[in-house]
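Here's the letter readout for the chains.
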Amino acid sequence: CNLGHLLVRQGNAQDGTALLNDSLAIRRAIAVFDLEAETLCELAEAERSRGNAAAALAYVEQAIPIFESSRRQAPGEWLRSSYVATRSDAYSMEISLLMNGSGRDLAGSASVKAFEAHDRLLARSLIDRLGVTWDQIVRGVDRTLLSRARRAESLVNFRSAQLLQLFERPHP
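The shown structure was predicted, so the numbers you read here are calculated from the model rather than taken from an experiment.

What follows is about the overall build of the protein. On a plain count of helices and strands, the protein comes out with nine helices and zero strands. N-terminal to C-terminal, the α/β element order of the protein is α-α-α-α-α-α-α-α-α. Out of the 172 residues in the protein, the part that is buried amounts to 37%. Within the protein, contacts between residues at least 6 apart in sequence are counted, and of these 55% link residues at least 24 apart. Counting every atom, the protein has about 10,800 Å² of accessible surface; 57% of that belongs to carbon and sulfur.

Further remarks concern the layout of surface pockets. In this structure, the second largest pocket occupies an estimated 300 Å³ of space. If you trace the second largest pocket, you find 15 residues lining it, with Glu 38, Cys 41, Glu 42, Arg 87 and Asp 89 closest to the centre. Counting residues per element, the ones that place at least two in the lining of the second largest pocket are helix H1 (2-9), helix H3 (33-49) and helix H6 (88-101). The greatest single-element share of the lining of the second largest pocket, amounting to four residues, is contributed by H3. Tallied by class, the residues present in the lining of the second largest pocket amount to five nonpolar, three polar and seven charged.

What follows deals with helix H2 (residues 13-29). With 17 residues, H2 ought to run about 24 Å at 1.5 Å a step, and its terminal C-alpha atoms sit 24 Å apart, in line with that. Contact partners of the buried residues in H2: H1 and H3. Backbone geometry just downstream of H2 places Ala 31 in the positive-phi region, at approximately 60°.

Below, the discussion takes up the nonpolar core. Counting residues in each nonpolar core, the largest one holds 28 residues, and the members touching the most others are Val 60 and Phe 67. When residues of this core are traced back to their parent elements, those giving at least two are H2, H3, helix H4 (53-73), helix H5 (77-86), H6 and helix H7 (109-130). No other element matches H4, which puts eight residues into this core.

The next thing to look at is a nonpolar patch on the surface. Taken together, the side chains of Ile 26, Ile 30, Val 32 and Leu 35 define a hydrophobic patch exposed on the protein surface, amounting to about 320 Å² of accessible area. Structurally, Ile 30 is set in the loop between H2 and H3.

Moving on to the side chain of Glu 45. Secondary-structure assignment places Glu 45 in helix H3. Here Glu 45 falls in the buried class, since its relative accessible area comes to 16%. A distance of 2.9 Å separates polar atoms of two side chains, one belonging to Glu 45 and the other to Arg 48. Setting aside residues no more than four positions away along its own chain, Glu 45 makes contact with Arg 9 and Met 93.

A packed helix pair is summarised by two numbers, namely the angle formed by the two axes and the spacing between the axes. Here H2 crosses H3 at 160°, and the two axes come no closer than 9 Å. Viewed along their axes, H2 and H3 adopt a mutual orientation that is roughly antiparallel. The two elements H2 and H3 meet at a crossing, and its hand is left-handed. On H3, the residues touching Ala 13, Thr 17, Leu 20, Asn 21, Ser 23, Leu 24, Arg 27 and Arg 28 of H2 are Leu 35, Glu 36, Glu 38, Thr 39, Leu 40, Glu 42, Leu 43, Ala 46, Glu 47 and Ser 49. Counted by class, the contact of H2 with H3 contains seven nonpolar, five polar and six charged residues.

The full count for this structure, using the stated rule, is five salt bridges. A salt bridge links Arg 28 to Glu 36, with the nearest nitrogen and oxygen atoms 2.9 Å apart. For Arg 28, a relative accessible area of 41% puts it in the partly exposed group. For the salt bridge of Glu 47 with Arg 50, the shortest nitrogen-to-oxygen distance reads 3.7 Å. On the basis of relative accessible area, Glu 47 is assigned to the buried category, the value being 8%. One salt-bridge network, held together by shared partners, links Asp 34, Glu 38 and Arg 87.

Reading guide: rules and limits
Residues numbered from 1 in each chain as written. Predicted model: local features only at pLDDT ≥ 70, side-chain atom pairs only at ≥ 80, totals over all residues. Heavy atoms only, no water. Helix = DSSP H or I, 4+ residues; strand = E, 2+ residues; numbered from the N terminus. Buried < 20%, exposed > 50% of the residue type's maximum accessible area, 1.4 Å probe, protein only. Contact = heavy atoms within 4.5 Å. Areas by Shrake-Rupley, 256 points an atom, 1.4 Å probe, with all protein chains shown as cover. 1 Å grid on protein atoms, 1.4 Å probe; cavity = no way out; pocket = protein on both sides within 12 Å on 5 of 7 lines; lining within 4 Å. Points joined across faces, edges and corners; volume = space filled by probe spheres on them. Nonpolar A, V, L, I, M, F, W, Y, C, P; charged D, E, K, R; others polar. Expected span 1.5 Å × (residues − 1). Core = buried A, V, L, I, M, F, W, Y, C linked by side-chain atoms within 4.5 Å. Patch = residues over 30% accessible without salt bridge, like charges linked within 9 Å, V, L, I, M, F, W, Y side chains within 5 Å. Salt bridge = Lys/Arg side-chain N within 4 Å of Asp/Glu carboxyl O. Polar contact = N/O pair within 3.5 Å; in protein donor to acceptor, adjacent residues only side chain to side chain. Axes fitted to C-alpha atoms, helices over the stretch in contact; angles between N-to-C directions. Parallel < 35°, antiparallel > 145°, perpendicular 65-115°, else oblique. Left-handed = near helix turned anticlockwise from the far one by under 90°.

Okay, here's the thing in structure tokens:
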């Protein structure tokens with residue numbers, strides 16, 4: 001993986017990608033998921049350097065759930081929070097790729113997804129530091145209220161998308 005990373009950094013993305021794909025196959029075969037996710041991030045970086053943002057986003061979107069799974073296994077809120085901090089490059093890449101794609105996205109959904117990814121990262125870090133789970137947060141809350149909260153969140157997301165569309169239009 002390191003040699004593939006080095007080749008990509010030196011501008012030889014084709015050979016670097018080939019090595020990274022070999023590394024990914026090995027890491028999947030030996031079931032070292034955290035290393036698999038790292039390799040997926042390296043492949044995302046390689047694709048981004050080749051100008052293939054869609055493939056880069058696909059790779060990083062495969063890596064993040066693996067990192068999340070590993071994060072949940074870390075004992076203690078501070079270790080989980082620290083783990084997220086060490087993997088922040090993957091989240092930053094996802095947000096960057098989504099934001100860069102938002103200029104071509106007429107509906108503004110890429111920008112909304114980028115904001116959602118950023119908010120998820122911040123919320124996850126806060127929840128880890130508080131030492132609570134989502135189940136603990138919503139335990140005892142009336143289901144009607146939770147449903148209203150989800151509808152309100154959907155409305156906010158919709159209105160945010162509309163505002164982003166307005167801001168992305170050329171202004172005289």
